[in-house]
Amino acid sequence: QSVLTQPPSASGTPGQRVTISCSGSSSNIGSNYLYWCQLLPGTAPKLLIYRNNQRPSGVPGRFSGSKSGTSASLAISGLRSEDEADYYCAAWDDSLSGWVFGGGTKLTVL
Amino acid sequence: EVQLLESGGGLEQPGGSLRLSCAASGFTFSSYAMSWARQAPGKGLEWVSSLSGSGDNTYYADSVKGRFTISRDNSRNTLSLQMNSLGAEDTAVYYCAKSSYDYVWGTIDYWGQGTLVTVSS
């Protein structure tokens, strides 16, 4: 059971906009930054969004993040086949003094 | 270019020990906090442990506290994870990760490719 809650799956067709939610509590999302990373099979996890809504250089503008209270979301617009991957949200938890992750969302591009 | 290369994974029997290493390059290693995370087969990412740039401050997940020890050698740009009393639940791909700050709750901006640890008799 992950501390942060994500839907296990999401899907969309090429060109569509998809959102993935992440919910937590006051000790993690509610009081710290939220991060999103992408996992492709056999590759290193990749940072997609940091500090709630910031994109590292090299991450396409199609990816955007938002946070409100104890929830956050990742939006992917103009969906592409190469976006098919697992997406994880993460935050520092002040009560646990450690990082907590969501259970991951497997995105399928139909 | 930041590079993180994990090594030391393999097959170990229950109750045994393994030591993972992460060779870092492309940045001033001692200036940044580092972490280990893992992904068990078919499961999600799980944070394991983190330590500050100096190595003075360490943090552990409850699932590994008392069994795993994180350390770093800033003269050799190497992060380590000593894993003792291994159980089947420790079977996972272990990732080394870099923070963008000296404190462990800063952005984790780079990850290694991972090393597989299998605990089985």
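Above: the structure in question.
Below is a summary of the structure that appears in this document. (Residues numbered from 1 in each chain as written. Chains lettered and ligands numbered in written order. Predicted model: local features only at pLDDT ≥ 70, side-chain atom pairs only at ≥ 80, totals over all residues. Heavy atoms only, no water.)

1. Focus: the sheet that holds strand S7 (residues 68-73) of chain B
Residue and element names in this part refer to chain B.
Next, step 1: As summarised here, the arrangement of the 4 strands in space is S1-S3-S8-S7, forming an open sheet in which the pairing is antiparallel. Lying at the two open borders of the sheet, with one neighbouring strand each, are strand S1 (3-7) and S7. The sheet shows a mean angle of 15° between the axes of neighbouring strands, direction not considered.
Next, step 2: The sheet contact formed by strand S3 (residues 18-25) and strand S8 (residues 78-83) spans 6 bridges and is antiparallel. Its bridge partner being in S8, Arg19 is matched across the sheet by Gln82. (Pairing = 2+ DSSP bridges. Helix = DSSP H or I, 4+ residues; strand = E, 2+ residues; numbered from the N terminus. Axes fitted to C-alpha atoms, helices over the stretch in contact; angles between N-to-C directions.)

2. Quick look at the sheet that holds strand S5 (residues 63-68) of chain A
Residue and element names in this part refer to chain A.
Next, step 1: Taken in spatial order, the 3 strands of this open sheet run S2-S6-S5, and their pairing is antiparallel. At either margin of the open sheet sits one strand with a lone partner, and together these are strand S2 (18-23) and S5. Each strand of the sheet is rotated relative to its neighbour by a mean of 15°, with strand direction disregarded.
Next, step 2: Across 6 bridges, S2 lies against strand S6 (residues 71-76) in antiparallel orientation. Bridge pairing in S6 links Cys22 to Ala72.

3. Considering the interface of chain B and chain A
By a widespread convention, an interface's size corresponds to the accessible area lost as its parts come together.
Next, step 1: Chain B puts 20 residues into the contact, and the matching count from chain A is 17 residues.
Next, step 2: Carbon and sulfur atoms make up 64% of the area that chain B and chain A hide from each other, which totals about 1600 Å².
Next, step 3: It is Leu45(B), Trp47(B) and Trp111(B) that lose the most area in chain B upon contact with chain A, and together they represent 37% of the buried surface on that side.
Next, step 4: The interface formed by chain B and chain A holds 0 salt bridges in total.
Next, step 5: In this assembly, chain B and chain A are joined by 4 residue pairs in polar contact (both at pLDDT 80 or more).
Next, step 6: Secondary-structure elements contributing two or more residues to the side of chain B that touches chain A are strand S5 (45-51) and strand S10 (108-111) of chain B.
Next, step 7: Looking at the side of chain B that touches chain A, the element that brings in the most residues is S5(B), giving 4 residues.
Next, step 8: For the side of chain B that touches chain A, a count of residues per class yields 10 nonpolar, 7 polar and 3 charged. (Contact = heavy atoms within 4.5 Å. Buried area = accessible area lost by both parts, 1.4 Å probe. Salt bridge = Lys/Arg side-chain N within 4 Å of Asp/Glu carboxyl O. Polar contact = N/O pair within 3.5 Å; in protein donor to acceptor, adjacent residues only side chain to side chain. Nonpolar A, V, L, I, M, F, W, Y, C, P; charged D, E, K, R; others polar.)

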